[in-house]
Amino acid sequence: MSRTAGSHRTHPIRILATACAAAAGLSLAVGCSSKEEERGEAAGGVPVVEKGKLTTCTHLPYPPFQFEQGGKVVGFDVALVDLVAKNLKVEQKIVDTPFENFKTGAFLNSGQCDLAAAGMTITDERKKNVDFSVPYFDATQALLATRKSGVTSLAEVKAKGAKLGAQAETTGESYAKSHGFDPVSFESSDAVLNGLRTGQVDAVVIDYPVVQGWLKDKANADAFALGQNIETGEQYGFSVKKGNAKLRAAIDKAITDAKADGTYKKLYEQWIGPLPEGRS
C-alpha cells in the first residue's frame, strides 16, 4: 500500500495554558518562547528554561493523554506533569510541537522545553537522544477497523488487501512496517480518525487507550469495530535533555510518590479507565 502524499500538515508551535493556568485566568497564546526569556531555577535547584514555569513539549491532540477541552489542555500526561510542577513550586506551561522532534530531542536541546510528554514509548533508539523518566504507563497497540471492512486482525488486512493507516513517527507505524505493511501515514491522532471516517483507510494501528477514548463516542462505536489487541511490551516515559539528572529525578519522584499514595490510581481512572490488576 502506498503512503498518502501530503499527509503531513504544517504544524505551528503553540504555547498553551494548562488546566491550572486557564483556571487562573490565563489565556491561550500563540507563538514561540522568546530567546530573551529569563531562565530560572525551581525548588531543589532544578533548572528550568523559564522562571516560574515547567515547560512541557507535547503534540496535540492525543486523548486521553493530552488534548484541549474547554480552552484548557487536559489529560493523563498533563495531570502527572502537574504533580511534578507542584513539587517544584512552579506552573506547567505546554508547548504544542511536531511529534517528529520527540525522537531527536530537538526542542529539549534548543532550550524551548524542559521535558517532553506525549504518550511517548521508551525505546533504545530514542534513548540515544534523550533521557527518560521511570515508566509511567504500560501500553498496547490495537487494530481499529471500519465495520464495513470486516477485518479484525492484521492478517485479515493483508489477506483482503485493505488499506492500513497509522500515526507518523509512532511505534504503531513502526510495528506495521515491521510486519510487512506500508501504512498510510497521518500527522496526528485526529487525522488518523478522520482517515477512517472518510475512507482513506479501512483500519488503523494505534495505542489502545486512544481507541478506548474514540469508542466512547456512539457515532464512532457504530462505525468502527475494535479488532486485534497487540501486546508489544511498550512503556511510556517523559523525556528530558540528556544529562538533566535533577529534573529527571524530580519526575521520577512524582511518579513513584503518586503510585504509592493512590494519586496515580485516581488519575488513571479519571482519564483512562479502570486500573488493570497488578498495576499500582
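See the structure above.
This section reports on the structure supplied with the text. Remember, predicted model here, so these are calculated numbers, not experimental data.

### Side note on the overall build of the protein
Alright, step 1. The helix and strand inventory of the protein stands at twelve helices and 16 strands.
Alright, step 2. By the burial criterion, 51% of the 280 residues in the protein qualify as buried.
Alright, step 3. Taking the contacts inside the protein whose residues are at least 6 apart along the sequence as the reference set, 70% of them involve residues at least 24 apart.
Alright, step 4. A total accessible area of about 12400 Å² is found for the protein, and carbon and sulfur atoms account for 51% of it.

### Thoughts on unusual backbone geometry
Backbone geometry follows two general trends: most residues other than glycine have a negative phi, and most peptide bonds adopt the trans configuration.
Alright, step 1. Residue Pro61 follows Leu60 across a cis peptide bond; omega there is -10°.
Alright, step 2. Mapped onto the fold, Pro61 is located in the loop between strand S5 (53-58) and strand S6 (67-69).
Alright, step 3. Residue Pro64 follows Pro63 across a cis peptide bond; omega there is 10°.
Alright, step 4. Mapped onto the secondary structure, Pro64 falls in the loop between S5 and S6.
Alright, step 5. Notably, Lys89 is not glycine yet its phi reads approximately 60°, a positive angle.
Alright, step 6. Its place among the elements puts Lys89 in the loop between helix H2 (76-88) and strand S8 (91-96).

### Focus on the pairing of strand S12 (residues 164-167)
Alright, step 1. Burial along S12 is two-sided: the residues Leu164 and Ala166 and Gly165 and Gln167 are all buried.
Alright, step 2. In this sheet, strand S14 (residues 203-207) lies alongside S12 in parallel orientation, the contact comprising three bridges. Along S14, the bridge assignment pairs Gly165 with Val204.
Alright, step 3. Bridging between S12 and strand S13 (residues 184-186) involves three bridges; their strand directions are parallel. Note that in S13 the partner of Gly165 across the bridge is Val184.
Alright, step 4. Assessed by its sense of winding, the connection that carries the chain from S12 through helix H7 (residues 171-178) to S13 is right-handed.

### Some remarks on the pairing of strand S11 (residues 137-146)
Alright, step 1. Taken across its ten residues, S11 has nine buried, putting it largely inside the fold.
Alright, step 2. For S11 and strand S15 (residues 224-236), the ladder comprises eight bridges, and the chain directions are antiparallel. Opposite Ala145, over in S15, you have Ala225 as the bridge partner.
Alright, step 3. Two elements, S11 and S14, share five bridges in a ladder whose sense is antiparallel. In the sheet register, Ala145 faces S14, and the bridge partner there is Ala203.

### Quick word on the pattern of salt bridges
Alright, step 1. Under the criterion given, the structure shown has seven salt bridges.
Alright, step 2. Note that Asp222 and Lys218 form a salt bridge whose closest N and O atoms lie 2.8 Å from each other. Here Lys218 and Asp222 lie together in helix H10 (residues 218-223), a separation of four residues that amounts to about one turn.
Alright, step 3. Judged by relative accessible area, Asp222 falls into the partly exposed class, the value being 46%.
Alright, step 4. When the shortest N-O distance is used, the salt bridge between Lys253 and Asp257 registers 2.7 Å. You can see Lys253 and its partner Asp257 sitting in helix H11 (residues 245-261), four residues apart, about one turn around the helix.
Alright, step 5. Look at Asp257 and you get partly exposed, because its relative accessible area is 32%.

### Points about the nonpolar core
Alright, step 1. Core analysis: the largest hydrophobic core is formed by 50 residues, its most contacted members being Leu54, Phe76, Leu88, Phe137 and Phe238.
Alright, step 2. For this core, the element with the highest residue contribution is H2, accounting for seven residues.
Alright, step 3. Other than its neighbours up to four places away in sequence, Phe137 contacts Phe65, Phe76, Pro209, Glu234, Gln235, Tyr236, Tyr264, Tyr268 and Ile272.

### A look at helix H9 (residues 208-215)
Alright, step 1. Within H9 the residues assigned to the buried category are Pro209, Val210, Val211 and Trp214.
Alright, step 2. Summarising the contacts, the buried residues of H9 are in contact with S11, helix H8 (189-197), S14, H10 and S15.

### A short note on the sheet that holds S14
Alright, step 1. Across the sheet, which stays open at both edges, the five strands sit in the order S13-S12-S14-S11-S15 with mixed pairing between neighbours. Each end of this open sheet is capped by a strand with a single partner; those strands are S13 and S15. With direction set aside, neighbouring strand axes in the sheet form an average angle of 25°.
Alright, step 2. Sitting on the sheet, H7 touches S11, S12, S13, S14 and S15, and the angle it makes with S12 is about 145°.
Alright, step 3. Here H8 sits on the sheet in contact with S11, S12, S13, S14 and S15, set at roughly 155° to S14.

Basis of the calculations
Residues numbered from 1 in each chain as written. Predicted model: local features only at pLDDT ≥ 70, side-chain atom pairs only at ≥ 80, totals over all residues. Heavy atoms only, no water. Helix = DSSP H or I, 4+ residues; strand = E, 2+ residues; numbered from the N terminus. Buried < 20%, exposed > 50% of the residue type's maximum accessible area, 1.4 Å probe, protein only. Contact = heavy atoms within 4.5 Å. Areas by Shrake-Rupley, 256 points an atom, 1.4 Å probe, with all protein chains shown as cover. Pairing = 2+ DSSP bridges. Right-handed = clockwise from strand over helix to strand, strands pointing away. Salt bridge = Lys/Arg side-chain N within 4 Å of Asp/Glu carboxyl O. Core = buried A, V, L, I, M, F, W, Y, C linked by side-chain atoms within 4.5 Å. Axes fitted to C-alpha atoms, helices over the stretch in contact; angles between N-to-C directions.

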